Amino acid sequence: MRVLIVEDERRLAEGMKRGLEAEGFAVDIAATGTDGLWLAEQQPYAAIVLDLMLPGASGFEVCRRLRQQSIWTPVLVVTAKDGVFDEVEALESGADDYLTKPYTFAILVARLRALIRRGSSPRPRALQVGDLTVDPFTRRVDRAGQVIELTAREFAVLEFLCRRPGQVVGKRAILDGVWDFGFDGDPNIVEVYIRHLRNKVDRPFGRESIETLRGAGYRMVDDAG
């Protein structure tokens, strides 16, 4: 099994390489994010061990660009950055697991083998409703080639609807799917977010893709104009 290590600290990378080779892996090393990305594009690795703070391109960027190209090689981030937001960003950028330094080498090997057992499973493809594209993985929304900026909650509501094109979806279902089952606030909050979405993804483009069915809920339809 061939593994790629993308790490700019040479001694650390070489030590990791020797340890993994002793465990039966074949190992390549890249010292920059740019080189790591190129190697990952050219070689079908079993897994990638990736630092975040890299010259050329950050680990976040390497993950994003691989996933945008539908390269689903499992990625284990190994980094000294132990903040919650760094971990969240890494996972949302496409990493499969996150390990902070210092770590026990046995844990590194176990995590790596677990990822390899899972394999390179494709992630969800972009959702398409008419000329509206919603990518759950990159969290990108565009209509007719124009990128639309949404808040996290707006994106979640839109994604929920786009996963059910043509279906009538009630307020309660949206609340349960986007907020949580214990939400006890005003259910009319859904109307607020639907209005925000219409103002961003429909009206500027002359579309009416988010329909209201009075007393029933909402429906996402193909209205490509």
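Source: prediction; values computed, not measured.

Caption draft 1: View of the domain arrangement of the protein. Domain annotation of the protein identifies domain 1 (2-120) and domain 2 (127-220). The C-alpha centroid of domain 2 is placed 35 Å from the C-alpha centroid of domain 1.

Caption draft 2: Summary view of the nonpolar core. Grouped together as the largest cluster of nonpolar side chains are 27 residues, with contacts concentrated most on Leu-132, Val-157, Leu-158, Leu-161 and Ile-174. Contributions of two or more residues to this core are made by strand S6 (127-129), strand S7 (132-135), helix H6 (152-162), helix H7 (171-178), helix H8 (189-202) and strand S12 (217-220). Looking at this core element by element, the count peaks at six residues for H6. Excluding residues within four positions of it along the chain, Leu-132 makes contact with Leu-127, Val-141, Asp-142, Arg-143, Ile-148, Leu-158, Cys-162, Val-201 and Met-220. Judged by nonpolar contacts, the second largest core, of 21 residues, contains Ala-30, Leu-52, Val-75 and Ala-90.

Caption draft 3: How the structure looks around the packing of aromatic side chains. Tallied over the entire structure, the rule returns zero aromatic pairs. The positively charged end of Arg-164 is found above the aromatic ring belonging to Phe-160, 3.7 Å away from the centroid.

Caption draft 4: Just unusual backbone geometry, in detail. A cis amide bond, omega -5 degrees, links Lys-101 with the succeeding residue Pro-102. Checked against the element boundaries, Pro-102 lands in the loop between strand S5 (97-100) and helix H5 (105-118). Positive phi, normally seen in glycine, also occurs at Ser-70, with a value near 60 degrees. Tracing the sequence through the fold places Ser-70 in the loop between helix H3 (59-68) and strand S4 (75-79). When its relative accessible area of 31% is taken as the criterion, Ser-70 is described as partly exposed. Residue Ala-144 is not a glycine yet carries a positive backbone phi of 55 degrees.

Caption draft 5: How the structure looks around helix H2 (residues 33-42). Of the residues making up H2, those classed as buried are Gly-33, Gly-36, Leu-37 and Ala-40. All buried residues of H2 project into a common sector of 100 degrees when viewed along the axis, lining one side. Turned more than 90 degrees away from the buried face of H2, the exposed residues are Trp-38 and Gln-42. Tucked inside the fold, the buried residues of H2 contact strand S1 (2-6), strand S2 (26-30), strand S3 (47-50) and H3.

Caption draft 6: Spotlight on the pattern of salt bridges. Evaluation of the coordinates by the stated rule reveals 18 salt bridges. A salt bridge links Glu-89 to Arg-64, with the shortest nitrogen-to-oxygen separation between them at 3.8 Å. Remark: Arg-64 occurs in helix H3 and Glu-89 occurs in helix H4 (residues 84-93); sequence separation between them is 25 residues. Residue Glu-89 is classed as partly exposed on the basis of its relative accessible area, which comes to 33%. Salt-bridge contacts for Arg-219 lead to Glu-211; the nearest nitrogen and oxygen are separated by 3.0 Å.

Caption draft 7: Quick look at the packing of H3 against H4. Close contact between H3 and H4 brings their axes to 8 Å; oriented N to C, the two are set at 20 degrees. The orientation of H3 with respect to H4, classified from their angle, is roughly parallel. By crossing handedness, the relation of H3 to H4 is classed as left-handed. Along the contact surface, H3 presents Phe-60, Cys-63, Arg-64 and Arg-67, while H4 presents Asp-86, Glu-89, Ala-90 and Ser-93. Among the residues making up the contact of H3 with H4, the classes are represented as three nonpolar, one polar and four charged.

The rules behind the values
- Residues numbered from 1 in each chain as written.
- Predicted model: local features only at pLDDT ≥ 70, side-chain atom pairs only at ≥ 80, totals over all residues.
- Heavy atoms only, no water.
- Domains from an automatic or database assignment.
- Core = buried A, V, L, I, M, F, W, Y, C linked by side-chain atoms within 4.5 Å.
- Buried < 20%, exposed > 50% of the residue type's maximum accessible area, 1.4 Å probe, protein only.
- Helix = DSSP H or I, 4+ residues; strand = E, 2+ residues; numbered from the N terminus.
- Contact = heavy atoms within 4.5 Å.
- Phe/Tyr/Trp six-rings, centres within 6.5 Å; stacked < 30°, edge-to-face > 60°.
- Lys NZ or Arg CZ within 6 Å of the ring centre and 35° of its normal.
- Arc of directions from axis to C-beta.
- Salt bridge = Lys/Arg side-chain N within 4 Å of Asp/Glu carboxyl O.
- Axes fitted to C-alpha atoms, helices over the stretch in contact; angles between N-to-C directions.
- Parallel < 35°, antiparallel > 145°, perpendicular 65-115°, else oblique.
- Left-handed = near helix turned anticlockwise from the far one by under 90°.
- Nonpolar A, V, L, I, M, F, W, Y, C, P; charged D, E, K, R; others polar.

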